[in-house]
Amino acid sequence: MRLDLAQDVGALTAQLVDIESVSGAEKALADAVEEALDPLPHLTVLRDGDAVVARTDLGRAERVVIAGHIDTVPVAGNLPSRVEDGVLYGCGTSDMKSGVAVQLKLCLLTEPNRDLTFVFYDCEEIEAERSGLLRLTRTHPEWITGDFAVVMEPTDGLIEGGCQGTLRAEITVKGVRAHSARSWEGVNAIHGIAPVLEILGRYEARRPVVDGLRFREGLNAVGVRGGVAGNVIPDECVVTVNYRFAPDRTLEEAFAHVQEVFDGFDVRLTDGVPGARPGLTHPVAAAFAAAIGGTPRAKLGWTDVARFSALGMPAVNCGPGNPDIAHTAGENVSLAKIVESERRMTAWLAE
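Residues numbered from 1 in each chain as written. Predicted model: local features only at pLDDT ≥ 70, side-chain atom pairs only at ≥ 80, totals over all residues. Heavy atoms only, no water.

1. Concerning the packing of helix α1 (residues 9–17) against helix α9 (residues 335–350)
Relative placement of two packed helices is described by the angle separating their axes and the distance separating the axes. Remark: α1 packs on α9, axes separated minimally by 9 Å, with the N-to-C direction vectors making an angle of 115°. The angle between α1 and α9 places the two elements in the roughly perpendicular class. Once α1 is placed against α9, the crossing between them reads as right-handed. Here Val9, Gly10 and Thr13 of α1 come into contact with α9, specifically with Leu335, Ile338, Val339 and Glu342. Tallied by class, the residues present in the contact of α1 with α9 amount to four nonpolar, two polar and one charged. (Axes fitted to C-alpha atoms, helices over the stretch in contact; angles between N-to-C directions. Helix = DSSP H or I, 4+ residues; strand = E, 2+ residues; numbered from the N terminus. Parallel < 35°, antiparallel > 145°, perpendicular 65-115°, else oblique. Left-handed = near helix turned anticlockwise from the far one by under 90°. Contact = heavy atoms within 4.5 Å. Nonpolar A, V, L, I, M, F, W, Y, C, P; charged D, E, K, R; others polar.)

Structure representation (structure tokens):
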């Protein structure tokens, strides 16, 4: 299907939604994006797998990266798209094909006040190692670096600066196996996790201010694994905890904090990624915030702004979608929000 970049941004969003692109099956949409951008003489279009990058090279003093993923979660009986009372319904409308539509409309700017890099990438909604943006940071970081990045994640049109880091750790409690008929001969490891749960119950999470935005941390049990059989006293029980930490801590510092909280227990890091500082004090970011308006807030979650932060760039989330209904069967986006997002982004880049 050929994308029509001349149509209004709401209709373009509907066209994108109707090209199914569940994670791992984005080729048709990546092909359509590449085909639509290739003829534009002011853009250099590059391709890596199912990620498409388009760049201006106008010699401007600053370069801004505008990024969005083209994949969606699995379809839930919500295709094709439909419009009712000014609202567009369908898989990916909010997360984040409305943001991608805004990106594509911005690609038509021939004389922006900053050089622009547009990144359309695959496999954001699944395991991190398959992420198209992660792949680009490893294979072609020079394609996607700049002074500032905007990720078009659904934020209801508000700026959400930076993002939290996240880690998971396993706390292992040992016991002694025995027949449950003679339980006194063993030590029940499941019973032994009570102190771990007590620590979590009385834990007071930090609410630090980072670059002017207030983050809120959280440390919670997200899984318990233990038990051998219905007639055996278990000799091991594992509690998995998830720590969402503010970006003023590195991953190493965050894990050290978890170890300190559970001092005396066997604590093992299983996975984790650092967060990203908002960087709103950077001049380019400050200009963006002034153009978009509203009151910026901290991103309470992890997003791909962290990948840009790792490349040394301040980055924010800002897209027209509603994060509260992303991934739902009734996923939708206000057409007025998409139009407003395009208007504000265009004004910022054409001022």
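2. Section: the UniProt feature "domain: Peptidase M20 dimerisation" (unreviewed entry) in the protein chain
In this structure's numbering, the residues bearing the UniProt feature "domain: Peptidase M20 dimerisation" (unreviewed entry) are residues 165–263. For residues 165–263, the helix share is 20%, the strand share is 37%, and the end-to-end C-alpha distance is 22 Å. (UniProt positions renumbered as here; feature names shortened; annotations may be inferred.)

3. A closer look at the pattern of salt bridges
For the structure shown, the criterion picks out 30 salt bridges. In this structure, the salt-bridge partner of arginine 297 is glutamate 160, at a minimum N-O distance of 2.7 Å. In this pair, arginine 297 is assigned in strand β17 (residues 297–298) and glutamate 160 in strand β8 (residues 160–161), connecting sequence segments 137 residues apart. Residues glutamate 236 and lysine 174 are paired through a salt bridge, measuring 2.5 Å at the closest nitrogen-oxygen approach. Of this pair, glutamate 236 sits in strand β15 (residues 236–245) while lysine 174 sits in strand β9 (residues 165–174), and the two are 62 residues apart along the sequence. The exposed category is assigned to lysine 174, whose relative accessible area is 57%. Here the salt bridges do not stand alone but share partners, grouping Lys27, Asp31, Glu34, Arg47 and Asp50 into one network. (Salt bridge = Lys/Arg side-chain N within 4 Å of Asp/Glu carboxyl O. Buried < 20%, exposed > 50% of the residue type's maximum accessible area, 1.4 Å probe, protein only.)

4. Quick word on the environment of leucine 12
Inspection of the secondary structure assignment puts leucine 12 in helix α1. For leucine 12, a relative accessible area of 0% translates into the label buried. A C-alpha to C-alpha distance of 8.8 Å links leucine 12 and leucine 104, two positions 92 residues apart in sequence. Aside from chain neighbours lying at most four places away, what touches leucine 12 is Leu3, Asp4, Leu5, Gln7, Ala101, Leu104 and Lys105.

5. Structural notes on the sheet that holds strand β1 (residues 44–48)
One open sheet accounts for eight strands, arranged β1-β2-β6-β3-β7-β18-β8-β17; its pairing is mixed. The open sheet has two free edges, formed respectively by β1 and β17, since each of these has just one partner strand. Taken together, the two bridges between β8 and β17 define a ladder with parallel strand orientation. Bridging from a neighbouring strand, glutamate 160 pairs with arginine 297 of β17. This element, helix α4 (residues 132–139), spans β1, β2 (51–55) and β6 (115–121) of the sheet and lies at about 125° to β6. (Pairing = 2+ DSSP bridges.)

6. Some thoughts on the sheet that holds strand β16 (residues 266–273)
Taken in spatial order, the four strands make up an open sheet running β13-β15-β9-β16, and their pairing is antiparallel. Strands with a single pairing partner mark the edges of an open sheet, and in this sheet they are β13 (218–226) and β16. Taking the axes of each pair of neighbouring strands and ignoring which way they run, one obtains an average angle of 20° across the sheet. Sitting on the sheet, helix α5 (residues 194–202) touches β9, β13 and β15, and the angle it makes with β13 is about 160°.

7. Details of the packing of α1 against helix α3 (residues 93–106)
Running from amino to carboxyl end, α1 crosses α3 at an angle of 125°, the nearest separation of the two axes being 9 Å. Taken together, α1 and α3 sit at an angle that is classed as oblique. As for how α1 packs across α3, the hand of that crossing is right-handed. Facing α1, whose interface residues are Val9, Leu12, Thr13, Leu16 and Val17, α3 presents Thr93, Lys97, Ser98, Val100, Ala101, Val102, Leu104 and Lys105.

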